[in-house]
Amino acid sequence: MRQSSLAVVAAIGATANAANSTSSTLASVCTVSNVQAALPANGTLLGIDLIPSAVTAAALYNVTSGGMGTSSTTTTYCNVTVTYTHTGKGDTVVLKLAFPQPSDFENRFYVAGGGGFSLSSDATGGLSYGAVGAATSAGYDAFNYSYDEVVLYGNGSINWDATYMFGYQALGEMTKVSKAITPAFYGLSSDTKIYTYYEGCSDGGREGMSQVQRFGEEYDGAITGAPAFRYAQQQVHHVFSSMVEHTLDYYPPPCELDKIVNATIAACDPLDGRTDGVVSRTDLCMLNFNLSSIIGESYYCAAETSSSLGFGFSKRQAQGSTTSTTPAQNGTVSAEGVAVAQAIYDGLHNSDGERAYLSWQIASELGDAATTYDNTTDSYVLSIPSTGGEYVTKFVQLVELDNLSDLNNMTYDTLVEWMNIAFVRYYDSLQTTVPDLTTFQQSGGKLLHYHGESDPSIPSASSVHYWQSVRSVMYPNSTAEESLEALQDWYQFYLVPGAAHCGTNSLQPGPYPEDNMAIMIDWVENGVKPSRLNATVSSGTYAGETQMLCQWPTRPLWSGNSSTFDCVTDQASIDSWTYTFPAFKVPVY
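Residues take numbers from 1 onward in each chain, read along the sequence in its written order. For a predicted model such as this one, the threshold for reporting local features is a pLDDT of at least 70, and the threshold for listing and counting side-chain atom pairs is 80 or more; totals across whole chains, interfaces and linings nevertheless cover every residue. The basis for the side-chain values is all heavy atoms of the structure; hydrogens and waters are excluded.

Draft legend 1. Region of the structure containing the state of the cysteines. By definition, disulfides here are pairs of cysteine sulfur atoms that lie within 2.5 Å. In total, this model carries five disulfides according to the counting rule given. Between the sulfur atoms of C268 and its disulfide mate C285 the distance is 2.0 Å. Its S-S torsion of approximately 60° makes the covalent link between C268 and C285 right-handed. Here C268 is found in helix α9 (residues 254–268), whereas its partner C285 is found in helix α10 (residues 282–288), with 17 residues between them in sequence. Note on accessibility: C268 and C285 belong to one class, buried. Each helix corresponds to a stretch of at least 4 residues labelled H or I by DSSP, and each strand to a stretch of at least 2 residues labelled E; elements are numbered beginning at the N terminus. Throughout this description, buried means an accessible area under 20% of the type-specific maximum (1.4 Å probe, protein chains only), exposed means over 50%, and partly exposed covers the range between.

Structure below.
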């Protein structure tokens, strides 16, 4: 977040801070005895027994910290740990809390999302907003272990405690405990309003949706980016690109796929009304562009040496993988290469032709389809992304393996079966697609949901489908206009043109939102409801340009290649984002 945004946040909270300021100093409140006195009595929070003797507290001065999307700032705060156990269980959960010094506290609590299979281990993200922040061990030492490392006790034995804690319970309990402690820590009355915010992307976005769905009364505002919800379908989907290549028996050189993607971007860029290197309307691209037109175009990529990628929810290599060398690639786009790309963009269907899942938008990078060069055969071979392969082995097959070894004797129906097994098994823990958000809405909560339109990891249509599910479930008897108006009062969804997974896209120099927390705080605390979302172009010809993104379901349409665009309603485009999944008997929200 830019410094100007931080200034806005500070100004928003100035009145509240002035009203709550006391003569307290950090040294006077940052003591073990003060934290112990602030703990709610056991029995107050049902099922949670706090352990006063385990409290720690230490004042830290001039420490560098930063929230999601913020620049680093120097802060002074009280570093606290609080421990609790679940009544009668004998387990231990440790919370880290970061309390701003009293003069900086703005009556706020902030929860930061994690990523991959990890909850956030940093409690300091809220300090720049005058907010108390927290992080949780989740009962499985989430500070040092990711959930996929502990999901199995052994082959065939699921760690259900860790699963539910990672799924939603740990963050919900952390929020309830932290909010109960905060007023007393600062010497405020127990009924003091503590504005509570969530912010996260990728699995952090899923975690945020889990809180809105299951602890809706606890949160005033949630910012959820590219949520990795619909977990069973989403994670198995990471194997889909490899299954396409296996089924079609063609393993394209990475450079050929890159050429297909870049040629698609070039062809579809002008369809939105401005040629700027960004496909702002992937729907128009889907409706009007034929990938076959790329066949015969030449490509060239120099030789390169690469190593394993870091783990998020983008493709990674398995643990222990080695550095590999890829020779120069020189050729023309083949019909087989286009067939692979087209099948991936079309999405997974079973052998009866029934759709099982949606896929990435056309013009998105095809990272999951990247093949590996085999020096021994002088050819490109299958490379199964372990983001999907590990999910299948550990969560579906229940064996301690980091990836699938191959796809021999497997078909698209196998993927559907894997999805269905996980769908049923983790329906109430990891799936995270409860569409009834009545508790959150009736508690006054505000939800700001965004997704990069060209996300190559979590399909942006996944977010559209959830928004549509919430709308249809919560407003079943309303007209389209009535339901849209009612929903936008508290739940707003934005597609970010050209953006990739939780960030800007090196292939498309488009805008990205930078002021989400300032916008959310103004909405919650001052009633300033946004109608568009502020985003800034960070690279390319239009670097520095501010774009006010269109709120779904309207779509951007530039006027005469100019610097302005309208937010238009285009039913054909909306229809292209709308899916049903008849391959499953249970509704997929």
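Draft legend 2. Fine view of the packing of aromatic side chains. Note on aromatic contacts: the rings of Phe and Tyr and the six-membered ring of Trp form a pair at centre separations within 6.5 Å, being stacked when their planes are under 30 degrees apart, edge-to-face when over 60 apart, and tilted otherwise. The tally for this structure, following the rule as stated, stands at 30 aromatic pairs. A ring pair is formed by F423 and F584, whose centres lie 5.9 Å apart and whose planes are at 80°; its orientation type is edge-to-face. You can see F423 sitting in helix α13 (residues 412–425) and its partner F584 sitting in the segment after α18 (571–576), a full 161 residues away along the chain. For F423, a relative accessible area of 2% puts it in the buried group. Residue class for F584 comes out buried when judged on its relative accessible area of 6%. The lysine or arginine in question, R274, covers the ring of W558, its NZ or CZ lying 3.8 Å from the ring centre. By definition here, charges over rings are those cases where NZ of Lys or CZ of Arg is within 6 Å of the ring centre and within 35 degrees of the ring normal.

Draft legend 3. Region of the structure containing the environment of G113. Note that G113 resides in the loop between β5 (108–112) and β6 (131–136). As for G113 and I223, which are separated by 110 residues in sequence, their C-alpha atoms are 9.8 Å apart. Whether two residues are in contact is decided by their heavy atoms, any of which lying within 4.5 Å being enough. With near-sequence residues (within four places) excluded, G113 lies in contact with S120, Y198, E199, G200, G204 and E207.

Draft legend 4. Region of interest: the nonpolar core. Remark: nonpolar core denotes a set of buried residues (Ala, Val, Leu, Ile, Met, Phe, Trp, Tyr, Cys) joined through side-chain atoms within 4.5 Å. Core analysis: the largest hydrophobic core is formed by 129 residues, its most contacted members being Y147 and Y491. For this core, the leading source of residues is helix α5 (residues 160–185), giving ten residues. Aside from chain neighbours lying at most four places away, what touches Y491 is M209, L447, H449, Y466, W467, V470, W523 and Q551. C201, Y494, A499 and A535 belong to the second largest nonpolar core, which has 23 residues in total.

Draft legend 5. Seen up close, the packing of α5 against helix α6 (residues 203–214). Structural elements are reduced to axes, namely lines fitted to C-alpha atoms, with helices fitted over the stretch in contact, and the angle between N-to-C directions of any two is expressed from 0 to 180 degrees. For the pair α5 and α6, the least separation of the axes is 9 Å and the interaxial angle reads 65°. Helix-helix and strand crossings are classified by hand; for α5 and α6 the assignment is right-handed. Here α5 contributes F166, G167, Y168, L171 and G172 to the contact with α6, which in turn contributes D203, R206, E207, S210, Q211 and R214. Charged means Asp, Glu, Lys or Arg here, nonpolar means Ala, Val, Leu, Ile, Met, Phe, Trp, Tyr, Cys or Pro, and polar covers whatever is left, Gly included. The residue inventory of the contact of α5 with α6, partitioned by class, reads three nonpolar, four polar and four charged. With the far helix as reference, a near helix turned anticlockwise by less than a right angle produces a left-handed crossing, and one turned clockwise produces a right-handed crossing.

Draft legend 6. Molecular detail of the sheet that holds strand β20 (residues 533–537). Judged by pairing direction, the sheet is antiparallel, and its three strands sit side by side in the order β19-β20-β21 without closing on themselves. One side of each edge strand has no neighbouring strand; the edge strands of this open sheet are β19 (511–513) and β21 (546–549). Across the sheet, the mean angle separating the axes of adjacent strands is 40° when strand polarity is ignored. At least two DSSP bridges between two strands are needed for those strands to be called paired. The sheet contact formed by β20 and β21 spans four bridges and is antiparallel. In the strand pairing of β21, N534 is matched with M548.

Draft legend 7. The pairing of strand β14 (residues 329–332), seen in detail. Residues of β14 alternate between two faces, with Q329 and G331 buried on one and N330 and T332 left unburied on the opposite face. Inspection of the sheet shows strand β11 (residues 298–301) paired to β14 by four bridges, in the antiparallel sense. Within β14, the residue paired with Y300 across the bridge is N330.

Draft legend 8. Molecular detail of the pattern of salt bridges. Salt bridge, as applied in this entry: a Lys or Arg side-chain nitrogen positioned within 4 Å of an Asp or Glu carboxyl oxygen. Scanning the entire structure with this criterion turns up 16 salt bridges. Taking the shortest distance from any N to any O, the salt bridge between D570 and R281 comes out at 3.2 Å. Of this pair, D570 sits in the loop between β23 (565–568) and α18 while R281 sits in the loop between α9 and α10, and the two are 289 residues apart along the sequence. Salt bridges linked by common partners bring R281, D283, E453, R555 and D570 together as one network.

Draft legend 9. Here's a closer look at the side chain of T433. Among the secondary structure elements, T433 is positioned in the loop between α13 and α14 (438–442). Once residues lying within four places of it in the same chain are set aside, the contact partners of T433 are Q213, F229, R230, Y466 and Y589.

Draft legend 10. Representation of helix α17 (residues 516–526). Of all eleven residues in α17, nine are buried; the element is thus mostly enclosed. Considered for burial, the residues of α17 that qualify are N516, M517, A518, I519, M520, I521, W523, V524 and E525. Among the residues trailing α17, G527 stands out with phi positive, at a value near 70°.

Draft legend 11. Structural detail: the environment of T76. Tracing the backbone shows T76 in strand β3 (residues 73–86). Residue classification places T76 among the buried positions, given a relative accessible area of 11%. Considered as a pair, T76 and S128 are 52 residues apart in the sequence and their alpha carbons are 10 Å apart. In this view, T76 contacts L26, L60, Y61, N62, P100 and Q101; residues no more than four positions away in its chain are not counted. Side-chain polar atoms of T76 contact the backbone nitrogen of N62, separated by 3.1 Å. Two N or O atoms count as a polar contact when they lie within 3.5 Å, although within protein this holds only if one can serve as hydrogen donor and the other as acceptor, and sequence-adjacent residues are included solely when both atoms are side-chain atoms.

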